[in-house]
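Here are the chains, one letter per residue:
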Amino acid sequence: PLRGGGRHRHTSPSNACWKGFSRDRARQGPPLAAASRRRAASSLTGPGPAKSDSPCVRRRGVGGCSATRYKRSSTMEFRKFLGCDGGDPGSPERPSVWLFGIEPGYSEADNREHGGSQKPRAVEYSIDLQRKWPFNRNAFKLLAALDGRPIDDWWSFASEKQVFAPGSLGYFKGNLFPYACYGLSTWTATAQRDTGFAAKEAYQKACRSERWSQIRQWVDEHRPSLVIGAGTSYASDFAEAFLGPAITLTRHIMSAESRLRPILYGTAFTTKLAVIPHLSRRLSANVALQEAGEFLSKLQASEIAAACERATAFP
């Protein structure tokens, strides 16, 4: 369940921070009851952020947006970096490494403590907080290897770089789908009320239609040196979101010591993307993280030709 490392007030927006989740209901799937739609509208009221704060990049984190009034419209509008956890998105002059999960997640402990309400657990996305979660610990190890360090040096690396923490430089963490869920198949009554979508499949379809093009705008603006997607079953989504439609990826198979895990990679213009197995489960052994990090370092340095074949999702 720890796909995105949870939500925090200054780093990931509230699940009530939605605007424009009201495309043609015939395209969304079964409509919610009128009373549920009214509750959704009333739950999403708020003054909203000032216009000067529209990029939603703040000194203490990224994506910490105020709630926005629910609005019926023909298109979906996502706040910039909605659903992202924090760090430094970088710039063309000082590019960052981006690590994206599938969706923000929360743990069984959070689920028990808050009854599935997904209340914020902390004010800041500090490395001390992050090290509690398998996804983030493995992310620190992977990025340490990418930086040319031995895997055993991961905590020293994370402490030095303050990876993904407010005010840090060089690393940015986000998610493809912005709404936090306990599991990939989870879609609660609260999620239906907050988003206006009765089915998760309809919500994901709308994200693919509207959010992917917006993510590519983020890439064009910030020019990350490398984008890492975690979750090979969503390789085609990562490819379209970051590289564009009809983009194909090359498959690299890791060594037997790393259990022959696949890495899918490709480029479009100056953007380099690598999709790795999920960091909470399928890519968690130190030997595999070291090998994956070293491969990504070569990809980042353009030592690997990203001649593309058709992207395929691998288990």
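Above this text sits the structure in question.
Residues numbered from 1 in each chain as written. Predicted model: local features only at pLDDT ≥ 70, side-chain atom pairs only at ≥ 80, totals over all residues. Heavy atoms only, no water.

S.K.: Mind showing me how you'd approach the packing of helix α5 (residues 134-146) against helix α10 (residues 286-300) here?
M.R.: The geometry of a pair of packed helices is captured by two quantities: the angle between their axes and the separation between those axes. Running from amino to carboxyl end, α5 crosses α10 at an angle of 45°, the nearest separation of the two axes being 7 Å. One element, α5, and the other, α10, form an angle in the oblique class. The chirality of how α5 crosses α10 is right-handed. Contacts between α5 and α10 involve Asn 138, Lys 141, Leu 142, Ala 145 and Leu 146 from the first element and Asn 286, Leu 289, Gln 290, Ala 292, Gly 293, Glu 294, Leu 296, Ser 297 and Gln 300 from the second. A breakdown of the residues in the contact of α5 with α10 according to their chemical character gives 6 nonpolar, 6 polar and 2 charged. (Axes fitted to C-alpha atoms, helices over the stretch in contact; angles between N-to-C directions. Helix = DSSP H or I, 4+ residues; strand = E, 2+ residues; numbered from the N terminus. Parallel < 35°, antiparallel > 145°, perpendicular 65-115°, else oblique. Left-handed = near helix turned anticlockwise from the far one by under 90°. Contact = heavy atoms within 4.5 Å. Nonpolar A, V, L, I, M, F, W, Y, C, P; charged D, E, K, R; others polar.)

S.K.: I'm lost on the nonpolar core in this one. Help?
M.R.: Side chains that are nonpolar tend, in soluble globular proteins, to be buried together. If you look at the biggest cluster of nonpolar residues, it comprises 37 residues, and the most contacted ones within it are Leu 143, Phe 164, Ile 228, Ile 276, Leu 279 and Leu 296. The set of elements that each furnish at least two residues to this core consists of β4 (97-101), α4 (127-130), α5, α6 (154-161), β6 (226-230), β8 (262-268), β9 (271-276) and α10. The dominant element in this core, judged by the number of residues it contributes, is α5, at 8 residues. The residues touching Leu 143, leaving out its near neighbours within four places in the chain, are Val 97, Phe 157, Val 163, Phe 164, Tyr 171 and Ile 228. (Core = buried A, V, L, I, M, F, W, Y, C linked by side-chain atoms within 4.5 Å. Buried < 20%, exposed > 50% of the residue type's maximum accessible area, 1.4 Å probe, protein only.)

S.K.: What should I look at first to understand unusual backbone geometry in this one?
M.R.: What you tend to see is this: most non-glycine residues have negative phi, and most peptide bonds are trans. For Ala 246, which is not glycine, the phi torsion reads 65° and is therefore positive. With phi around 55°, Leu 260 is a residue other than glycine that occupies positive phi space. With respect to the secondary-structure elements, Leu 260 resides in the loop between β7 (250-253) and β8. Accessibility expressed as a relative area gives 53% for Leu 260, which makes it exposed.

S.K.: Quick question: what am I supposed to make of helix α9 (residues 235-242) here?
M.R.: Buried residues dominate α9, accounting for 6 of its 8 residues. Tucked inside the fold, the buried residues of α9 contact β4, α8 (200-222), β6, β8 and β9. Where α9 terminates, the next one or two residues include Gly 244, which has phi positive at roughly 125°.

S.K.: Looking at this structure, I do not really get the packing of aromatic side chains. What am I missing?
M.R.: For any pair of aromatic rings, the description rests on two quantities: the centre-to-centre distance and the angle between the ring planes. Applying the stated rule across the entire model yields 17 aromatic pairs. Pairing Phe 197 with Tyr 203 gives two aromatic rings, centres 6.3 Å apart and planes at 65°, and the pair type is edge-to-face. Comparing Phe 197 with Tyr 203 shows no difference in burial state: the two are buried. By the ring-pair criterion, three or more aromatic residues cluster together here, those being Phe 177, Tyr 179, Trp 187, Phe 197, Tyr 203, Trp 212 and Tyr 234. Of note, Arg 131 hangs over the ring of Trp 155, and the distance from its end group to the ring centre comes to 3.9 Å. (Phe/Tyr/Trp six-rings, centres within 6.5 Å; stacked < 30°, edge-to-face > 60°. Lys NZ or Arg CZ within 6 Å of the ring centre and 35° of its normal.)

S.K.: Please explain the pairing of β9 as it appears in this structure.
M.R.: If a strand is regular, its side chains alternate between the two faces of the sheet. Taking burial as the measure, the 6 residues of β9 include 6 buried ones, the bulk of the element. Of the two faces of β9, the one carrying Thr 271, Leu 273 and Val 275 and the one carrying Lys 272, Ala 274 and Ile 276 are both buried. Here 4 bridges tie β6 to β9, and the two strands are oriented parallel to one another. Bridge assignment links Val 227 to a residue of β9, and that residue is Leu 273. Bridging between β8 and β9 involves 5 bridges; their strand directions are antiparallel. Looking across to β9, one finds that Leu 264 is bridged to Val 275. Counting the residues between successive antiparallel strands, the hairpin from β8 to β9 contains 2 residues, one of them, Phe 269, with a positive phi of roughly 60°. (Pairing = 2+ DSSP bridges.)

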